[in-house]
Amino acid sequence: MNDIAQGVLDGVVAAGARAIRWLDDRDPRGADLVRRIFPATGRAQIVGVTGPPGAGKSTLTDMLVTELRSRDLRVGVIAVDPSSPFTGGAILGDRVRMARHALDPGVFIRSLGTRGQAGGLSRSTHDACLVLDAMGYDIVIVETVGVGQDEIDVVNLAHTTIIVGVPGLGDEVQAVKAGLMEAGEIFVINKADRDGYQATQRQYELMLHLREQAAVARDAGWSAPLLRAVATSGEGGKAIADAIFAHRAALEARDGFARRSGLREREQTLAILRERLIARALGAQGQAVLAEAEARRIDPYTAAGKLLAQIDGKDDLA
Amino acid sequence: MQEQPNRRLRVLLAKLGMDTHTVGVTIIGHALREAGMEVIFTGLKQTPEMVAAAAIQEDVDVVGISTLSAGHTRNLPKLARLLREQGGGDKLLLAGGVIPQEDQPLLQAAGVHKIFTMGADTRDIVQYLEQWWAEKQASEAA
Ligand code: B12
Ligand SMILES: Nc1nc2c(ncn2[C@@H]2O[C@H](COP(=O)(O)OP(=O)(O)OP(=O)(O)O)[C@@H](O)[C@H]2O)c(=O)[nH]1
Ligand SMILES: [Mg+2]
């Protein structure tokens, strides 16, 4: 299906949409598609937007899209919402908050369910970013599911991650535990129109100060700004957009932009390898070995060794 | 060796114009989610143009419109036409809500595949979609 790959390269919306569908559905045509479009990728800045449920991530994304469009940039959005672990179904509602961009040809919005993946993203999010990158979108915003403690896969995907907090959630301490404070490059306290803004701001300032001192940030040479926003009214959009570009410039000054893109491809390579190795190991008699483990007739180490032996003929425990 | 494909039915649910009756569309959304489908909400006050654009970007299989405040004889045929024009002619177009019997032939002729009105059992809706999806997949595999 070369015409889909060509369509992606030509920026055709329906082709890009279908390409993402293949990759999300693990359609066998997906791997070849990525092979074809990959040389055209690496240009877009991937911007993660993460934070607790209901913090205003979608509203903030909507505001950012408006701001970026006013600067004549083409914007892609990948909005991830959780799939039910029981039925696999999902209600994907993020785009409700972005409805005003529905008819803008410079904006492409796609909703994805997590489909069983932990970490706040779907397995296909990386691939969807590649498609939007190849289609020529300048910035791809990735909105994660509402995250709790450690669902921060987005920091491995994005060049720039925005952590969205809100006043009075009592989640500030949680955020530290979560490693969110270590990970982000831009901090935004949204719903600044609400009570408790100042107390929350002080807590964030303190934590960012500690972070600088401990130099835990993965990105020395960048001092993470703390910004305020009222996403429902558009307040703060300009400063956040400025910070996104400042971070890109800071990355590029130290060759970090390409390095981050590269690290992402390395992670993705390992993820694909893991899946394929497991698929191979479970081929042929794999299910029988799993059943033995499940019946507790053999221990998990022995079972895994037997499964590995299906790939290379030798049991690495032996 | 490839990973197993994991195809899931994707359904866009929308409301057009000034119609703010949300109960039916919310119930349908949850029923479809329980049936393992991915449901994309676009929200209220949509135009046919907005729904068509979202349906293409989301690459959904099904577009479902809930309409309880009239206007359906204008906006549903328009949506069906826009979908066809934009390469979404293979998507299943459903409608539900308050749609008088006498309007239904017109809508069906215009490209609305099936209409569910007041009191429709969500299990029948799920079953209808599952059957359509199974047939579609079978015809694609052939
Ligand atoms: C509750 C209600 C309201 C509530 C809505 C609250 C809310 N947030 O939803 C309030 C009080 C706000 C309201 C307001 C109005 N309402 Co009112 N309302 C109703 C009422 C009594 C019930 C609707 C309902 O929730 N039903 C329960 C749900 C579960 O049923 P349902 O939506 O029909 O959905 C089922 C099926 O239709 C189907 N379905 C629905 N959508 C979809 C979509 C898909 C894809 C599929 C597959 C299936 C499907 O599946 C569902 C399950 O069976 C109806 C009466 C009626 N008989 O429908 C009037 C009714 C719809 N309202 C009516 C009117 C006129 C109004 C007002 C204009 C009244 C006024 N003069 O102020 C305003 C307009 C609001 C607006 N801008 O749209 C009229 C519409 C007349 C018409 N279409 O010609 C009705 C029919 C009452 C009447 N007999 O006159 N209303
Ligand atoms: N007062 C106030 N409300 C806001 C602000 N930003 C967003 N909201 C409201 O907060 C609610 C949640 O906003 P969303 O943008 O859907 O939040 P989210 O983080 O995307 O939510 P999930 O994706 O479900 O985790 C909505 O009712 C918004 O209108 C703000 O700056 N001030
Ligand atoms: Mg959201």
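As annotated in an unreviewed UniProt entry, chain B carries the name Methylmalonyl-CoA mutase C-terminal domain/subunit and is attributed to Sphingobium vermicomposti. Recorded in UniProt under Cofactor (unreviewed entry), the annotation for chain B is "adenosylcob(III)alamin".

As recorded by an unreviewed UniProt entry, chain A carries the name LAO/AO transport system kinase and is attributed to Sphingobium vermicomposti.

Novice: Lay out the overall build of chain B with the relevant residues and their values.
Specialist: Of the regular secondary structure elements, chain B holds five helices and five strands. The helix and strand sequence of chain B, counted from the amino end, reads β-α-β-α-β-α-β-α-β-α. For the C-alpha atoms alone, the extent of chain B along its principal axes is close to 55 × 30 × 25 Å. Residue burial in chain B is summarised as follows: out of 142 residues, 52% are buried. For chain B, restricting intrachain contacts to residue pairs at least 6 apart in sequence, the fraction spanning at least 24 positions comes to 73%. Accessible surface computed for chain B: about 6600 Å², of which carbon and sulfur atoms make up 55%. Once the 14 positive and 17 negative side-chain charges of chain B are each reduced to a mean point, those two points are 4 Å apart.

Novice: Give a detailed account of the site of ligand 1, specifying residues and quantitative values.
Specialist: All names here are of chain B. Ligand 1 sits among 25 residues. The nearest are T20, H21, T22, L68 and A120. At 3.5 Å from an oxygen atom of ligand 1 is found a main-chain nitrogen or oxygen belonging to V23. At a separation of 3.5 Å, an oxygen atom of ligand 1 approaches a polar backbone atom of M118. Breaking the shell around ligand 1 down by element, the ones donating at least two residues are α1 (23-34), β3 (62-67), β4 (92-97) and β5 (114-117).

Novice: Pulling in residues and values, what's your account of the packing of aromatic side chains?
Specialist: The relation between two aromatic rings is expressed through the spacing of the ring centres and the mutual angle of the planes. In this structure the tally under the stated criterion is two aromatic pairs over all chains. Relative to Y137(A), the ring of F108(A) lies with its centre 6.1 Å away and its plane at 65 degrees, an arrangement referred to as edge-to-face. Placement of F108(A) in strand β4 (residues 107-113) and of Y137(A) in the loop between α5 (125-135) and β5 (139-143) is noted, with a sequence separation of 29 residues between them. Note on F108(A): relative accessible area 0%, which makes it buried. The side chain of R248(A) reaches across the aromatic face of F257(A), ending 3.9 Å from its centre. In this structure, K114(B) packs its charged tip against the face of F116(B), placed 5.7 Å from the ring centre.

Novice: Before we move on, can you summarise the site of ligand 2 with the specific residues and values?
Specialist: Residue and element names in this part refer to chain A. Around ligand 2, the structure places 17 residues, and the nearest of them are K57, S58, T59, R97 and A231. Within the contact set of ligand 2, an oxygen atom lies 2.8 Å away from a backbone nitrogen or oxygen of S58. Taken by itself ligand 2 offers 660 Å² of open surface, and the protein chains cover 76% of this. Here the residues of the shell around ligand 2 are counted per class, giving four nonpolar, seven polar and six charged.

The rules behind each value
- Residues numbered from 1 in each chain as written.
- Chains lettered and ligands numbered in written order.
- Predicted model: local features only at pLDDT ≥ 70, side-chain atom pairs only at ≥ 80, totals over all residues.
- Heavy atoms only, no water.
- UniProt positions renumbered as here; feature names shortened; annotations may be inferred.
- Helix = DSSP H or I, 4+ residues; strand = E, 2+ residues; numbered from the N terminus.
- Buried < 20%, exposed > 50% of the residue type's maximum accessible area, 1.4 Å probe, protein only.
- Contact = heavy atoms within 4.5 Å.
- Areas by Shrake-Rupley, 256 points an atom, 1.4 Å probe, with all protein chains shown as cover.
- Lys, Arg positive; Asp, Glu negative; His and termini not counted.
- Charge placed at Lys NZ, Arg CZ, Asp CG, Glu CD.
- Near = heavy atom within 4 Å.
- Polar contact = N/O pair within 3.5 Å; in protein donor to acceptor, adjacent residues only side chain to side chain.
- Phe/Tyr/Trp six-rings, centres within 6.5 Å; stacked < 30°, edge-to-face > 60°.
- Lys NZ or Arg CZ within 6 Å of the ring centre and 35° of its normal.
- Nonpolar A, V, L, I, M, F, W, Y, C, P; charged D, E, K, R; others polar.

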